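Here's the letter readout for the chains.
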Amino acid sequence: MEALIAREIAPEPRQLSVVYNRADRIFRRIVTSGALTSLVLLGLIGVFLFVKSAQIFNDRGLSFITGSNWTAGSGDGVILDDFSIGPMLTGTILVSLIALIIAIPLSVGGALYLEFYAPFRIRKILTALLDLAAAIPSLIFGLWGLAVFTSFGERWSILLNSRFGWIPFIKVQNEVFGRSPFIAGCVLASLIVPIITSVTREVFSRTPRDLIDTCYALGSSRWGAIRTVVLPFGKSGVIGGAMLGLGRALGETVAVYLLLNIVFRYNFRILESEGGNIASLIATKFGEATQYELKALIAAGFVLFMLTLVVNMLAATIVQKSTVRK
Amino acid sequence: MEMLKQEEIKMSQESQTNVMMMENDQDQRTAFRGLEAKNLHAWFGKHHVLSDISLRFPERTVTGLIGPSGCGKSTFIRLLNRMHEFIPSAAMAGQVLQNGEDIYATDVDAAAVRLKIGMVFQKPNPFPAMNIRENVLSGIKLAHLKVADHDSIVENCLTRAGLWKEVKDRLNATGGSLSGGQQQRLCIARSLAVEPSVLLMDEPCSALDPGSTLRIEETIKELAEKIAVVIVTHNMQQAARVSDFCAFFLTDDGPGYLVEADATKKLFTNPSDTRTADYVQGKFG
Amino acid sequence: MSAVVIETNTAVPQPTTPWKQTRRNQIVSASTVAASVVIAVVIVLLTGLAGVDGWALTFLIVSLLVTAARAFKVDAKVRKEMFVSVAIFGTAALAFTPWMSIFASVVMKGARGFQPNFFVGDMRTTIPDDELNLGGAGHAIVGSIMMVLNATIITLPLGILSGVYLTEVRGRLTFLVRFVVQSMSGVPSIVAGLFIYVTFVNYTNSFSGLAGSFALAILMLPTVARTAEEVLKLVPDDLRSASYALGARQWRTSLLVVLPTVRSGLTTAAILGVARVIGETAPLLLTSLSSNSYVFNPLGGPISSLPTYVFGLLQIGTENATNRAWTGALVLMLLVFALFTTARFIGGKDRR
């Protein structure tokens with residue numbers, strides 16, 4: 001008898017193919033066209049924005065972003081079109097940054113309170129209310145900001161100005177304290193706190209229980225356990241949540257429109273009553289815009305879109321990394 | 001090592017009387033040195049999970065807690081260092097005496113109690129954000145203890161845990177770079193840094209391979225030269241290898257209770273209760 | 001060797017929780033807080049610090065001082081813990097105050113105008129500054145419902161089909177579809193409105209409800225598609241395997257096995273999508289503008305909606321106008337709340 005010789009090389013895997021019957025083919029075609037429609041519609045917007053704004057970028061280059069004028073031409077060549085979003089871009093970032101600086105400590109404190117200090121029943125009620133708070137339309141934040149918050153905000157601005165007016169960005173030129181980046185930033189902070197708190201609380205609740213138990217078993221206090229285990233564990237989750245909040249703040253329109261005067265001048269004094277952001281710029285100018293001005297507005301929208309896109313993608317990657325690692 | 005003469009107590013089969021380890025010829029009114037549980041009960045909400053456990057853990061001994069799963073052994077040792085109360089619906093009755101003083105008395109600082117009665121958990125869990133050195137010192141930092149020489153503490157504890165030789169050149173490496181057995185020994189070193197007089201271990205080897213398990217059992221025997229060790233284990237051979245005394249827990253679908261507690265040799269070769277005999281012979285569990 | 005038998009109690013004792021604060025401690029804590037409140041009020045009255053914020057700040061400082069006083073006889077670790085507790089409580093209170101204030105304000109200030117005529121009347125013959133029992137926001141409510149409904153009709157099938165494509169069919173475009181859906185969920189709402197403005201509104205030369213629906217659909221679609229995908233991903237593969245193993249074809253598996261399992265999840269996705277867009281103002285400002293009367297034709301020119309109604313009133317600023325705005329805000333909040341509660345109720349049915 002011949003001995004069987006084992007193959008030394010594994011055989012090639014077979015190519016498998018699926019043949020769908022008619023019903024399945026129709027099903028797949030319908031589903032694919034649905035997905036394709038979504039893809040086309042959404043992708044079209046990005047493409048459209050890019051194409052329409054290309055002309056503006058072509059004409060003005062980088063000065064569209066750095067310049068600080070917004071003048072519509074008079075059509076007869078006497079006054080030239082001069083559109084740039086410099087102050088609006090910095091205004092967007094300034095107001096969002098103020099909101100973020102205020103919101104992050106508050107959200108982390110709120111999340112820690114909910115997860116580790118609140119009695120059980122209070123935690124359940126507050127968590128449910130927090131979800132609802134994250135869904136409050138920003139218009140209502142604007143309304144509240146105007147009707148309720150502004151008086152507090154003005155009082156604080158006056159106080160800040162009198163005590164800390166020597167710091168460059170707190171100084172003011174006009175002593176009118178009603179509609180400043182500071183107040184808009186505070187209201188925006190109130191807007192994004194529920195979102196950041198929810199995400200952060202979720203991350204903190206996923207801290208491995210046995211690490212916390214170990215801290216207690218070593219004779220630690222509650223704050224010791226939080227400092228040693230919860231905060232390091234939740235760091236990336238907090239950052240992800242903060243970026244989500246930032247993305248929301250960057251694209252905010254009505255709240256800023258209602259609370260900030262649009263002035264085309266670079267302004268970094270947070271108590272001064274001038275500023276603006278790209279979103280409210282678009283809302284203000286679209287009504288009477290010339291064709292060319294519309295293109296400039298689209299270009300502005302495109303810049304804003306790119307900004308929020310980058311921030312949201314960063315947020316998604318950071319949040320994903322924090323969930324995968326644990 | 002100081003030898004303690006043990007009295008053996010026969011327990012009545014009818015009432016669920018519990019066995020106490022009595023020190024020979026000593027005045028019973030002298031406070032027992034060591035950890036003592038007296039008539040301990042535990043509940044989760046209305047659910048009665050531990051019934052009337054009384055045990056003594058003398059200094060410099062190893063006591064094994066054995067029994068099938070679900071008998072409340074883990075709940076019991078969490079009563080010993082006041083970890084049970086972290087569960088929201090937890091309740092208890094009875095006393096736990098550390099050198100004669102009830103650790104559940106009012107105005108007792110639970111965190112201070114946990115410094116004296118340490119715990120090592122089933123899954124090795126060094127702090128991921130710290131390196132080996134910081135892990136060992138973490139207990140000291142968390143308890144705000146004033147300590148002069150950190151380096152000698154690190155060396156001391158790692159040596160007692162049987163890990164010093166392996167990691168002395170890489171104290172800056174993270175805990176995650178160690179094997180499972182090494183991580184568990186790091187956790188033991190971490191618990192030793194705050195100088196407990198009792199170390200509670202909840203199935204410390206169940207997540208480890210046999211080689212690491214044996215190393216840790218050696219460590220336990222060395223540790224018992226200075227402190228008391230209480231170890232919950234499912235592995236009867238481990239209990240036989242490592243412990244001086246054993247307590248056998250059981251449950252009849254109700255609260256867990258103590259069937260028998262005695263010197264290990266006696267429990268395994270000539271137990272007083274047939275249920276114990278059945279369990280150690282592997283007839284159930 | 002003497003044997004000692006210890007008799008145990010056969011009676012089961014009462015469960016106790018000796019670690020919880022005793023009655024005495026609770027009373028001490030409560031009275032400390034009460035004392036701090038009173039001290040803070042007294043200080044505020046004496047120094048003339050204005051308003052709620054002045055009181056809150058004083059209360060915080062007084063609490064810290066009281067904590068410091070109590071902490072004198074305690075060691076460093078416990079002292080730190082006490083201060084941290086006060087700090088965290090204060091921070092959380094500050095974080096929760098704005099939206100709690102909004103809930104309270106909306107209810108208190110919006111209640112005045114919450115009358116039958118608000119839901120039935122429109123602003124055709126009333127000016128915003130008229131008394132609250134004149135006019136109403138019926139046209140705005142109808143406009144909102146209409147536009148959101150149209151947006152949902154467009155978005156729901158597309159979103160579900162996209163979700164099914166990504167999880168069941170998984171063709172060659174999967175990565176692209178997922179990428180585009182993910183990216184577009186970050187479109188600022190004003191940009192969506194601007195897009196519809198320069199295309200549809202320009203093309204039809206008029207603002208309209210349909211334009212508004214399209215703008216809302218752009219904002220809804222990524223949310224619905226993503227939630228649909230996530231909900232479908234949660235269906236265990238065992239279910240599909242069982243169906244295929246029985247010889248069922250793909251379309252049967254998807255339609256008759258997988259989709260019914262996630263019915264409530266998909267409904268929740270739709271409801272959450274609606275809750276998101278119902279309060280959107282910016283895109284509607286550019287597409288549907290606003291109106292003072294009932295409009296039922298989606299292509300019949302500018303149309304009002306709750307958000308634009310409120311927004312317009314805010315621009316006017318008189319007392320009655322602002323009151324109407326608050327009532328509009330109250331109705332909006334109630335709608336969002338109702339949607340959320342429905343979603344939670346339906347979502348709860350999924351858990352067996």
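Predicted model only: the values in this text are computed from it and were never measured.

The rules behind each value
Residues numbered from 1 in each chain as written. Chains lettered and ligands numbered in written order. Predicted model: local features only at pLDDT ≥ 70, side-chain atom pairs only at ≥ 80, totals over all residues. Heavy atoms only, no water. Helix = DSSP H or I, 4+ residues; strand = E, 2+ residues; numbered from the N terminus. Rg over C-alpha atoms; globule rule 2.2 N^0.38 Å. Buried < 20%, exposed > 50% of the residue type's maximum accessible area, 1.4 Å probe, protein only. Contact = heavy atoms within 4.5 Å. Lys, Arg positive; Asp, Glu negative; His and termini not counted. Charge placed at Lys NZ, Arg CZ, Asp CG, Glu CD. Buried area = accessible area lost by both parts, 1.4 Å probe. Salt bridge = Lys/Arg side-chain N within 4 Å of Asp/Glu carboxyl O. Phe/Tyr/Trp six-rings, centres within 6.5 Å; stacked < 30°, edge-to-face > 60°. Patch = residues over 30% accessible without salt bridge, like charges linked within 9 Å, V, L, I, M, F, W, Y side chains within 5 Å. Areas by Shrake-Rupley, 256 points an atom, 1.4 Å probe, with all protein chains shown as cover. Axes fitted to C-alpha atoms, helices over the stretch in contact; angles between N-to-C directions. Parallel < 35°, antiparallel > 145°, perpendicular 65-115°, else oblique. Nonpolar A, V, L, I, M, F, W, Y, C, P; charged D, E, K, R; others polar. Pairing = 2+ DSSP bridges. Core = buried A, V, L, I, M, F, W, Y, C linked by side-chain atoms within 4.5 Å. Domains from an automatic or database assignment. Expected span 1.5 Å × (residues − 1). pLDDT = per-residue confidence, 0-100. Polar contact = N/O pair within 3.5 Å; in protein donor to acceptor, adjacent residues only side chain to side chain. Disulfide = S-S within 2.5 Å.

## Digging into the overall build of chain C
Within chain C, the secondary structure is distributed over 14 helices and 0 strands. Along chain C, from the amino end to the carboxyl end, the secondary structure elements read α-α-α-α-α-α-α-α-α-α-α-α-α-α. Radius of gyration (C-alpha) of chain C: 29 Å, far over the 20 Å computed for a compact globule of 352 residues. With the C-alpha coordinates of chain C rotated into their principal frame, the extents come out at 95 × 70 × 35 Å. By residue count, 48% of the 352 residues in chain C fall in the buried class. In chain C, once contacts between residues fewer than 6 apart in sequence are set aside, the share between residues at least 24 apart is 69%. Mean positive and mean negative side-chain charge positions of chain C (26 and 16 charges, respectively) differ by 7 Å.

## Focus on the overall build of chain B
In terms of helices and strands, chain B carries 10 helices and 10 strands. Buried positions account for 58% of the 285 residues belonging to chain B. Restricting the contact set of chain B to residue pairs at least 6 apart, pairs at least 24 apart contribute 67%.

## Quick look at the interface of chain C and chain A
One widely used convention gives an interface's size as the accessible area the parts lose upon coming together. On the side of chain A, 80 residues touch chain C, which itself brings 80 residues to the contact. For the pair chain C and chain A, the summed buried surface comes to about 7000 Å²; carbon and sulfur atoms form 80% of the total. Counting across the interface, chain C meets chain A through 2 salt bridges. Residues R222(A) and E81(C) are paired through a salt bridge, measuring 3.7 Å at the closest nitrogen-oxygen approach.

## Examining the packing of aromatic side chains
Per the counting criterion, the structure on display carries 25 aromatic pairs over all chains. When the centroid spacing of 5.5 Å and the interplanar angle of 75° are considered together, the rings of Y113(A) and F89(C) count as edge-to-face. Taken as a pair, Y113(A) in helix α3 (residues 86–117) and F89(C) in helix α3 (residues 76–110) lie in two separate chains rather than in one. Judged by centre distance (6.3 Å) and plane angle (55°), the ring pair of Y104(B) and W19(C) falls under tilted. Taken as a pair, Y104(B) in the loop between β5 (101–102) and α2 (110–116) and W19(C) in the segment before α1 (23–47) lie in two separate chains rather than in one. Judged by relative accessible area, Y104(B) falls into the buried class, the value being 4%. For W19(C), a relative accessible area of 19% translates into the label buried. Put simply, the rings of W70(A), F83(A), F264(A) and Y292(A) pair up and form one aromatic cluster.

## Remarks on a nonpolar patch on the surface
Residues and elements named next belong to chain C. On the surface, a nonpolar cluster with roughly 440 Å² of combined accessible area is contributed by L57, L60, I61, L64 and L65. Within the secondary structure, L60 sits in helix α2 (residues 51–71). Look at L60 and you get partly exposed, because its relative accessible area is 33%.

## Quick notes on the packing of helix α4 (residues 120–134) of chain A against α3(C)
Where α4(A) contacts α3(C), the axes come no closer than 11 Å and their chain directions differ by 75°. Between α4(A) and α3(C), the crossing angle belongs to the class labelled roughly perpendicular. Across from L126(A), L129(A), L130(A), L132(A) and A133(A) in α4(A), the residues of α3(C) making contact are F96(C), W99(C), M100(C) and F103(C). Class assignment for the residues of the contact of α4(A) with α3(C) results in 9 nonpolar, no polar and no charged.

## Let's talk about the pairing of strand β3 (residues 62–66) of chain B
Residues and elements named next belong to chain B. The element β3 is largely enclosed, with a buried count of 5 among its 5 residues. Of the two faces of β3, the one carrying V62, G64 and I66 and the one carrying T63 and L65 are both buried. Pairing analysis gives 4 bridges linking β3 to strand β8 (residues 228–232), with the strands arranged parallel. Bridge pairing in β8 links T63 to V230. Examined bridge by bridge, β3 and strand β9 (residues 245–251) share 4 bridges and lie parallel to one another. Paired with T63 across the strands is F245, a residue of β9.

## A few points about the nonpolar core
Soluble, globular proteins show a tendency: their nonpolar side chains are buried together. Counting 228 residues, the largest nonpolar core has L55(B), L65(B), F76(B) and F249(B) as the members making the most contacts within it. A total of 16 residues in this core trace back to one element, the largest contributor, which is α3(A). Both domain 1 (25–112) and domain 2 (138–349) of chain C contribute no fewer than three residues apiece to this core.

## Topic: α4(A)
Taking 1.5 Å of rise per residue, 15 residues should cover 21 Å, and α4(A) covers 21 Å from first to last C-alpha, within 8% of that figure. Turning to α4(A), its buried residues are L126(A), T127(A), L130(A), L132(A) and A133(A).

## Remarks on the confidence of the model for chain C
Residue and element names in this part refer to chain C. When pLDDT is averaged across chain C, the result is 83; 94% of the residues are at 70 or more. This stretch, residues 1–7, has a pLDDT under 50; its non-local contacts, to residues over four places away or in other chains, come to 12 contacts. The ipTM assigned to the predicted complex is 0.85, against a pTM of 0.85.

## Digging into unusual backbone geometry
What is expected of a backbone is that most residues other than glycine have negative phi and most peptide bonds are trans. Residues and elements named next belong to chain B. In this structure, R82 is a non-glycine residue whose phi angle is positive, near 60°. Take R82: it is sitting in the loop between α1 (73–80) and β4 (90–98). Phi is positive for E195, which is not a glycine, with a value near 55°. Note that E195 resides in the loop between α6 (180–192) and β7 (198–202). Looking at E195, the relative accessible area reads 57%, which means it is exposed.

## Side note on the domain arrangement of chain C
Residue and element names in this part refer to chain C. The assigned domain composition of chain C is domain 1 (25–112) and domain 2 (138–349). Each of domain 1 and domain 2 has a C-alpha centre, and these two points are 42 Å apart. Tallying the contact residues gives 8 residues for domain 1 and 7 residues for domain 2. Each partner contributes to the roughly 650 Å² buried at the junction of domain 1 and domain 2, and carbon and sulfur atoms together form 71% of this total. Counting every contact that joins domain 1 to domain 2 gives 1 salt bridge. Close ionic contact of R112 with E319 constitutes a salt bridge, the shortest N to O distance being 3.9 Å. Our count for the domain 1 to domain 2 interface comes out at 1 residue pair in polar contact (both at pLDDT 80 or more). The residue inventory of the side of domain 1 that touches domain 2, partitioned by class, reads 4 nonpolar, 2 polar and 2 charged.

## Comments concerning the state of the cysteines
All names here are of chain B. This model, assessed by the stated rule, comprises 0 disulfides over all chains. Considering cysteine sulfurs only, C187 is the nearest to C157, which forms no disulfide, with 13 Å between them. Not engaged in a disulfide, the cysteine C246 finds its nearest cysteine sulfur in C71; these two sulfurs lie 14 Å apart. By relative accessible area, C246 is classed as buried at 1%.

## With respect to the environment of V172(A)
When you line up the elements, V172(A) lands in the loop between α5 (138–164) and α6 (181–205). Discounting residues that sit within four places of it in the chain, V172(A) has contacts with N161(A), F177(A), R269(A), L271(A) and E272(A).

## So, the interface of chain B and chain A
In this complex, chain B contributes 24 residues to the contact, which on the side of chain A involves 17 residues. Carbon and sulfur atoms supply 68% of the area buried between chain B and chain A, which totals about 1600 Å² over both sides. Ranking the residues of chain B by area buried against chain A places F86(B), F127(B) and L142(B) at the top, with a combined share of 33%. Elements represented by at least two residues in the side of chain B that touches chain A include exactly α2, β6 (117–120), α3 (132–142) and α6 of chain B. Taken together, the residues that form the side of chain B that touches chain A break down as 14 nonpolar, 7 polar and 3 charged.

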